[in-house]
Amino acid sequence: MAVARSLAQKFINRRPSSSSSLTENIFGLEWARSRRFQAQSIRPFSALMSPPSKAVVYEREGPPDSVTKVVELPPLEMKETDVCIKMLAAPINPSDINRIEGVYPVRPKVPAVGGYEGVGEVYSVGSAVKGLAPGDWVIPSPPSSGTWQTYVVKDQGVWHKIDKDSPMEYAATITVNPLSALRMLEDFMTLNPGDSIVQNGATSIVGQCIIQIARFRGIHSINIIRDRAGSDEAKEKLKRLGADEVFTESQLEVKNVKSLLANIPEPALGFNCVGGNSASLVLKYLRQGGIMVTYGGMSKKPVTVPTSYFIFKDLSLRGFWLQKWLNSDKATECRDMIDYLLCLAREGKLKYDMELVPFDNFQSALGKALGLQGSQPKQVIKF
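Residues numbered from 1 in each chain as written. Predicted model: local features only at pLDDT ≥ 70, side-chain atom pairs only at ≥ 80, totals over all residues. Heavy atoms only, no water.

- An unreviewed UniProt entry annotates the protein chain as Zinc-binding alcohol dehydrogenase family protein of Melia azedarach.

**Considering the pattern of salt bridges**
Part 1: Using the criterion set out here, one finds 11 salt bridges in the structure.
Part 2: With a closest N to O distance of 2.7 Å, E61 and R107 form a salt bridge. Taken together, the positions of E61 in the loop between strand 1 (53-58) and helix 3 (64-67) and R107 in the loop between helix 4 (94-101) and strand 4 (112-113) put the pair 46 residues apart, joining distant regions of the chain.
Part 3: Across the salt bridge formed by K349 and E347, the nearest N and O atoms sit 3.3 Å from each other.
Part 4: Connected via shared salt-bridge partners are R183, E186, D187, R217 and E333. (Salt bridge = Lys/Arg side-chain N within 4 Å of Asp/Glu carboxyl O. Helix = DSSP H or I, 4+ residues; strand = E, 2+ residues; numbered from the N terminus.)

**Some words on the environment of E59**
Part 1: Looking at the element boundaries, E59 is found in the loop between strand 1 and helix 3.
Part 2: Classification of E59 as partly exposed rests on a relative accessible area of 37%.
Part 3: Along the chain, E59 and V113 lie 54 residues apart, while their C-alpha atoms are 9.0 Å from each other. (Buried < 20%, exposed > 50% of the residue type's maximum accessible area, 1.4 Å probe, protein only.)

**Some remarks on the packing of aromatic side chains**
Part 1: The final tally for this structure, using the stated rule, is 6 aromatic pairs.
Part 2: If you follow R99 out to its NZ or CZ, it ends over the ring of Y116, 3.9 Å from the centre.
Part 3: When the ring centre of Y309 is taken as origin, the NZ or CZ atom of K313, which lies over that ring, is 4.9 Å away. (Phe/Tyr/Trp six-rings, centres within 6.5 Å; stacked < 30°, edge-to-face > 60°. Lys NZ or Arg CZ within 6 Å of the ring centre and 35° of its normal.)

**As for the pairing of strand 6 (residues 137-140)**
Part 1: With burial as the criterion, each face of strand 6 is covered, one bearing W137 and I139 and the other bearing V138 and P140.
Part 2: In terms of strand pairing, strand 5 (residues 119-125) meets strand 6 through 2 bridges, oriented antiparallel. Within strand 6, the position partnered with G120 by the bridge is V138.
Part 3: In this structure, strand 6 lies alongside strand 8 (residues 159-162), joined through 4 bridges in antiparallel fashion. Across the sheet, W137 pairs through a bridge with I162, a residue of strand 8. (Pairing = 2+ DSSP bridges.)

**Let's talk about the packing of helix 6 (residues 177-187) against helix 12 (residues 331-346)**
Part 1: Interaxial distance between helix 6 and helix 12 falls to 10 Å at its minimum, and their mutual angle equals 105°. Between helix 6 and helix 12, the angle falls in the class roughly perpendicular. Two secondary-structure elements touch here, helix 6 through P178, L179, L182 and R183 and helix 12 through E333, C334, M337, Y340 and L341.
Part 2: Looking at the contact of helix 6 with helix 12, its residues break down into 7 nonpolar, no polar and 2 charged. (Axes fitted to C-alpha atoms, helices over the stretch in contact; angles between N-to-C directions. Parallel < 35°, antiparallel > 145°, perpendicular 65-115°, else oblique. Contact = heavy atoms within 4.5 Å. Nonpolar A, V, L, I, M, F, W, Y, C, P; charged D, E, K, R; others polar.)

**Structural notes on the sheet that holds strand 12 (residues 269-272)**
Part 1: Within the open sheet, the 6 strands sit side by side as 11-10-9-12-13-14. Their pairing is parallel. Whereas interior strands pair on both sides, the edge strands pair on one side only; in this sheet they are strand 11 (245-248) and strand 14 (316-319). On average, adjacent strands in this sheet sit at an angle of 20° to one another, irrespective of strand direction.
Part 2: Sheet topology note: the strand 10 (residues 220-225)/strand 11 ladder contains 4 bridges and is parallel. In the sheet register, N223 faces strand 11, and the bridge partner there is V246.
Part 3: Against the sheet, helix 7 (residues 205-216) touches strand 9 (196-199), strand 10 and strand 12, its axis set at about 170° to strand 9.
Part 4: Docked against the sheet, helix 8 (residues 231-241) engages strand 10 and strand 11, running at close to 160° with respect to strand 11.

**Here we look at a nonpolar patch on the surface**
Part 1: Together, V303, F310, I311, F312 and L317 line one region of the surface with nonpolar side chains, adding up to about 490 Å² of accessible area.
Part 2: The topology assignment puts I311 in helix 10 (residues 307-311).
Part 3: For I311, a relative accessible area of 57% corresponds to the exposed category. (Patch = residues over 30% accessible without salt bridge, like charges linked within 9 Å, V, L, I, M, F, W, Y side chains within 5 Å. Areas by Shrake-Rupley, 256 points an atom, 1.4 Å probe, with all protein chains shown as cover.)

**What about the sheet that holds strand 2 (residues 68-73)?**
Part 1: With antiparallel pairing, the 3 strands of this open sheet are ordered in space as 2-1-4. Each edge of the sheet is formed by a strand with only one pairing partner; in this case those strands are strand 2 and strand 4.
Part 2: In this structure, strand 1 lies alongside strand 4, joined through 2 bridges in antiparallel fashion. Each residue of the ladder has a partner; that of V57, found in strand 4, is V113.

**Looking at the side chain of N272**
Part 1: For N272, the location among the structural elements is in strand 12.
Part 2: Within polar-contact distance, the side chain of N272 engages the backbone nitrogen of G275 at 2.8 Å.
Part 3: At 2.9 Å, the side chain of N272 forms a polar contact with the side chain of T294. (Polar contact = N/O pair within 3.5 Å; in protein donor to acceptor, adjacent residues only side chain to side chain.)

**Focus: the confidence of the model for the protein chain**
Part 1: Across the protein chain, the average pLDDT comes to 89, with 88% of residues at or above 70.
Part 2: Every residue in residues 8-45 scores below 50 in pLDDT, and together they form 13 contacts with partners more than four places removed in sequence or on other chains. (pLDDT = per-residue confidence, 0-100.)

**Examining the side chain of Q323**
Part 1: When you line up the elements, Q323 lands in helix 11 (residues 322-326).
Part 2: In this structure Q323 comes out as buried when scored by relative accessible area, which is 9%.
Part 3: When neighbours within four sequence positions are excluded, Q323 is seen to be in contact with R99, Y104, V106 and Y116.

Below you can see the structure in the form of structure tokens.
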């Protein structure tokens, strides 16, 4: 209950400062108790309240499996433009883990509720809310922190209404990974049918989405995966999604990787989410004047570039961070693209592996997301 009290403190009047006299302190405390009693007495008649919420919270940053706990949070009084959402599903993303660890560049102040994206159903609306009604499905767009709880209260401007025919698990996960894939395919150069791209980390959800969106647009993909048990099965899976070529890193330890291209043109655009040697393999594939976009660093190793790649190949290195793009006044454009991606999901043109896990089993899902049981599908909490 200490966490619940701490989170609820924002909604309780502050006590007088330590510099106040004893009499003022006593009076202030009695006045605060009186106000809370009055508010509790009249709320059922004058204020719209959310239901109590069960939430995954952390009071300090650190290892997620150590600092997170599930607690009961008290009801919240809703403002006239607020919408209360009954959450349906929310994923555990690597960026969620990094926020809890305290290593992500932008993160909420602690104590905080975890989670950054998800899908929910409108439970109740404030008196001034327009365009949303109980029963509608919505997602936070741009994403918003605090989705790992049964009920979320935020201003109507946070929520984007979506088609209820959308598969729930795709609606819950459509923003962070698929949107990153779409933006990276569009933001760094114009790709035409017949062109090609190269990427590492191809089995990630972003990687799988890049393969499928590229195929849908007639763009070839060359994909690099780690050497590990089950790599042959991973290759076949990616090819079923539309990958033209899939290689393990060890297969590319040859002087001329472009001899493996067959009839695929040299790629002008590459994507790196691993770093280290895997990033070097992406660079080896790029044609003259090509661009490599880095959006992750799973190996935690630096990107090392031979001087000749700059002088003789004129390669460019760029970076992509979805949150920066979302913060650049792109709300309307973002929502249009989300609708487009959800349409692909409804039509079966966008697929990726996920595991729906009951909220009561959150700690088990967190363990899988942390990699404690090896490679696992994306963990999606179902409320």
